[in-house]
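The lines below spell out each chain.
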Amino acid sequence: MVVVGAGILGVCCARFLQREGHAVTLVDRNPPGEGASFGNAAVLAVESVLPVATPGIWRRVPRMLADPMGPLALRWGYLPQLVPWLLRFLAASQPRRVEEISMALAALLEDSIPAYRRLLAEIGAEEMLVRRGWIGAYTTEAGLTGYRPLAELQRRRGVEVAELSVAEMRQLEPALDRDLAGGFYYPDVGHVLDNYRLVLALAEAVQRDGGRLLRRDVTGFRLGPAGVEAVETTDDTLACDAVVVAAGAWSKELARRLGAKVPLDTERGYHLTLPTPNIELSRPVYSTEFGMACTPLAGGLRLGGTVEMGGLRAPPDWRRAQVLAARGRRLFPQLDTRDASRWMGFRPSLPDSLPVLGPAPAAANAILAFGHGHLGLTLGARSGALVADLVAGRRPPIDLSPYAAGRF
Ligand SMILES: Cc1cc2nc3c(=O)[nH]c(=O)nc-3n(C[C@H](O)[C@H](O)[C@H](O)COP(=O)(O)OP(=O)(O)OC[C@H]3O[C@@H](n4cnc5c(N)ncnc54)[C@H](O)[C@@H]3O)c2cc1C
């Protein structure tokens with residue numbers, strides 16, 4: 001059994017498969033956890049039942065794009081390549097589609113934290129995951145009012161959410177500025193204290209229990225009558241009885257070789273990690289207006305987020321990371337942003353905000369597990385458990401048809 005990609009998706013798939021007795025080989029061209037899984041905001045965002053494309057987004061996008069340092073930016077040279085993705089993205093914002101997508105997201109999110117707890121208990125690392133909720137903070141009345149219908153939709157999907165006054169928010173997080181409009185509290189949200197260590201710990205567990213970790217660049221597959229017989233790499237060919245493609249934002253070409261034509265693109269995101277933030281947070285704070293999460297990690301405070309559409313090749317625009325510092329100070333006046341480390345990563349994103357999870361069209365023994373967009377950390381363990389069901393030929397506990405590669 002070969003798993004391509006040693007990000008959070010790959011290591012979770014490998015661990016769940018290993019539990020069932022499979023001899024697993026994890027293959028990555030880089031060391032584990034150095035893709036998108038390295039620098040995310042570490043939030044287990046179980047409240048995130050809404051697609052990125054919410055109703056009326058087409059009206060808001062032009063305003064957002066007018067500010068190159070805003071929460072959404074576009075590399076204009078990339079636009080021609082992006083148009084088909086954007087059209088599908090806008091189609092996903094139709095109210096009827098939003099209902100369907102939110103049901104499909106809720107079904108995936110439901111067991112996402114328990115699935116991590118199962119994996120972490122086995123390796124004695126339960127303390128890596130904490131569940132103290134998170135706060136969505138708004139700097140303006142307009143932002144707060146605009147969000148209320150979305151919070152209502154979340155409630156209808158079973159998400160627990162309470163609207164808070166500024167004073168109530170500051171009771172939970174005294175470091176928040178007084179000059180805010182209010183916010184929402186989601187008690188069931190969790191976070192991990194070190195998202196990169198989490199990937200490493202799971203990759204180490206795979207190896208400790210007899211799995212292999214190989215540094216290879218996967219180029220394709222050898223197909224036979226029974227499906228995939230081997231994984232081809234730039235160095236060698238790895239025979240296998242089954243394969244999982246969990247190569248994040250780079251999965252599109254590999255999926256195509258397995259008969260799946262998927263509109264995978266990347267929503268690039270940035271972070272700053274502040275080693276001495278000078279404030280204490282007990283839980284993550286999110287700002288929809290800034291497109292940014294502020295998460296207390298073991299090694300500092302992370303300001304992470306924003307979306308930049310620009311493909312996999314354009315170099316980072318570090319001004320987009322730098323601007324997070326000013327936005328962070330707007331929420332937390334005492335924030336010390338000195339000595340920040342910065343990072344840019346590639347969210348693997350499908351336009352309907354749902355991942356691809358299921359068998360590949362050209363080979364029943366090839367499982368596709370990528371495209372988790374803003375929710376790859378949250379859904380890592382849950383997806384790994386579902387992939388193990390598929391490989392075992394068991395009926396998964398939820399209907400996987402909304403995530404099929406063939407939906408496009
Ligand atoms: C700024 C930012 C903040 C985020 N915050 C959150 C958050 O708070 N919560 C959340 O749930 N999600 C968050 N995300 C999203 C999350 O980080 C991703 O969805 C997730 O990391 C994707 O994991 P992955 O394993 O699919 O991909 P990756 O981590 O990118 O791993 C893919 C791996 O595949 C390897 N690979 C690719 N092609 C090949 C090949 N041909 N051969 C060999 N190896 C290959 C790569 O080297 C890489 O290691 C955030 C993302 C960003 C950018």
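Residues numbered from 1 in each chain as written. Predicted model: local features only at pLDDT ≥ 70, side-chain atom pairs only at ≥ 80, totals over all residues. Heavy atoms only, no water.

Asks: Looking at this structure, how should I read the sheet that holds strand β20 (residues 356-360)?
Replies: Strand pairing in a sheet takes place through backbone hydrogen bonds and is either antiparallel or parallel in direction. A sheet is described by the order of its strands in space; here six strands give the open sequence β10-β2-β1-β14-β21-β20, paired in mixed fashion. Across the chains shown, the open sheet's two edge strands, defined by having one partner strand only, are β10 (212-215) and β20. The mean inter-strand angle of the sheet, taken between neighbouring strand axes irrespective of direction, is 20 degrees. Two elements, strand β1 (residues 2-4) and strand β14 (residues 243-245), share three bridges in a ladder whose sense is parallel. By the bridge assignment, V2 is partnered in β14 with V243. (Pairing = 2+ DSSP bridges. Helix = DSSP H or I, 4+ residues; strand = E, 2+ residues; numbered from the N terminus. Axes fitted to C-alpha atoms, helices over the stretch in contact; angles between N-to-C directions.)

Asks: Please explain the domain arrangement of the protein chain as it appears in this structure.
Replies: How big an interface is tends to be reported as the loss of accessible area on association of its parts. Once the domains are mapped, the protein chain shows domain 1 (2-38 + 196-261 + 353-407) and domain 2 (43-191 + 265-349). Distance between the C-alpha centres of domain 1 and domain 2: 26 Å. Residue-level contacts link 37 residues of domain 1 with 34 residues of domain 2. Carbon and sulfur atoms make up 70% of the area that domain 1 and domain 2 hide from each other, which totals about 3,100 Å². On the domain 1 side of the contact with domain 2, H374, T378 and R382 bury the most area, a combined 19% of that side's loss. Summed over the shared surface of domain 1 and domain 2, the number is three salt bridges. Across the pair R19 and E122 runs a salt bridge, and its minimum N-O distance is 2.5 Å. Linking domain 1 with domain 2 are 11 residue pairs in polar contact (both at pLDDT 80 or more). (Domains from an automatic or database assignment. Contact = heavy atoms within 4.5 Å. Buried area = accessible area lost by both parts, 1.4 Å probe. Salt bridge = Lys/Arg side-chain N within 4 Å of Asp/Glu carboxyl O. Polar contact = N/O pair within 3.5 Å; in protein donor to acceptor, adjacent residues only side chain to side chain.)

Asks: For this particular structure, what's the right way to read the sheet that holds strand β13 (residues 237-239)?
Replies: Sheet architecture is open: three strands sit in the order β11-β12-β13, paired in antiparallel fashion. With partners counted over all chains shown, the strands left at the sheet margins are β11 (218-224) and β13, one partner each. Each strand of the sheet is rotated relative to its neighbour by a mean of 30 degrees, with strand direction disregarded. Where β11 and strand β12 (residues 227-233) come together, six bridges link them in antiparallel fashion. If you follow G220 over to β12, its bridge partner there is E232.

Asks: Looking at this structure, I do not really get the pattern of salt bridges. What am I missing?
Replies: Opposite charge on two side chains permits pairing when their charged atoms draw close. Evaluated as defined, the whole model comprises 29 salt bridges. Here E100 and R97 are joined by a salt bridge, their closest N and O atoms 2.7 Å apart. With E100 and R97 both in helix α4 (residues 95-109), this residue pair falls three residues apart, about one helical turn. Overall, the relative accessible area of 33% leaves E100 in the partly exposed class. R283 is the salt-bridge partner of E173, the closest N and O atoms lying 2.7 Å from each other. Of the two residues, E173 is situated in the loop between α7 (166-172) and β8 (182-186) and R283 in the loop between β15 (265-274) and β16 (285-287); the sequence distance between them amounts to 110 residues. (Buried < 20%, exposed > 50% of the residue type's maximum accessible area, 1.4 Å probe, protein only.)

Asks: What am I meant to see in the packing of helix α1 (residues 8-19) against helix α8 (residues 195-208) here?
Replies: A pair of packed helices can be characterised by two numbers: the angle between their axes and the separation between those axes. One can describe the packing of α1 onto α8 by two numbers: an axis separation of 9 Å at closest approach and a directional angle of 35 degrees. The handedness of the crossing between α1 and α8 comes out as left-handed. Together, I8, V11, C12, A14, R15 and Q18 of α1 and L198, V199, L202, A203, A205, V206 and R208 of α8 make up the contact between the two elements. For the contact of α1 with α8, the per-class residue count stands at 10 nonpolar, one polar and two charged. (Left-handed = near helix turned anticlockwise from the far one by under 90°. Nonpolar A, V, L, I, M, F, W, Y, C, P; charged D, E, K, R; others polar.)

Asks: Please explain α8 as it appears in this structure.
Replies: An α-helical segment advances 3.6 residues per turn. Residues three or four places apart therefore align on the same side. Over its 14 residues, α8 extends 20 Å from the first C-alpha to the last, a length consistent with the 20 Å expected when each residue adds 1.5 Å. Every buried residue of α8 is listed here: N195, L198, V199, L200, A201, L202, A203, A205 and V206. Residues of α8 that are buried sit in contact with α1, β2 (25-28), α5 (112-122), β9 (190-192), β17 (292-297) and β18 (300-309). Sitting at the amino-terminal end of α8 is D194, which places a side-chain oxygen 3.2 Å from the backbone nitrogen of Y196. Following α8 by one or two positions, G210 has its phi on the positive side, about 100 degrees. (Expected span 1.5 Å × (residues − 1).)

Asks: Just checking my understanding: could you explain the side chain of T233 for this structure?
Replies: Relative to the assigned elements, T233 resides in strand β12. At 3.0 Å, the side chain of T233 forms a polar contact with the backbone nitrogen of D235. A polar atom in the side chain of T233 sits 2.8 Å from the side chain of D236. The contacts of T233, once residues within four sequence positions are left out, are R216, D217, V218, T219 and L238.

Asks: Is there a simple way to think about the nonpolar core in this case?
Replies: Within the largest apolar cluster, 90 residues are counted, with the highest numbers of intra-cluster contacts made by I8, Y116, L198 and V244. The biggest single contributor to this core is α1, with eight residues. Formed jointly, this core draws a minimum of three residues from each of two domains, domain 1 (2-38 + 196-261 + 353-407) and domain 2 (43-191 + 265-349). Other than its neighbours up to four places away in sequence, V244 contacts M1, V2, V3, V4, C13, L17, I367, A369 and V387. Of all hydrophobic cores here, the second largest spans 29 residues; its members include A175, A249, L274 and F290. (Core = buried A, V, L, I, M, F, W, Y, C linked by side-chain atoms within 4.5 Å.)

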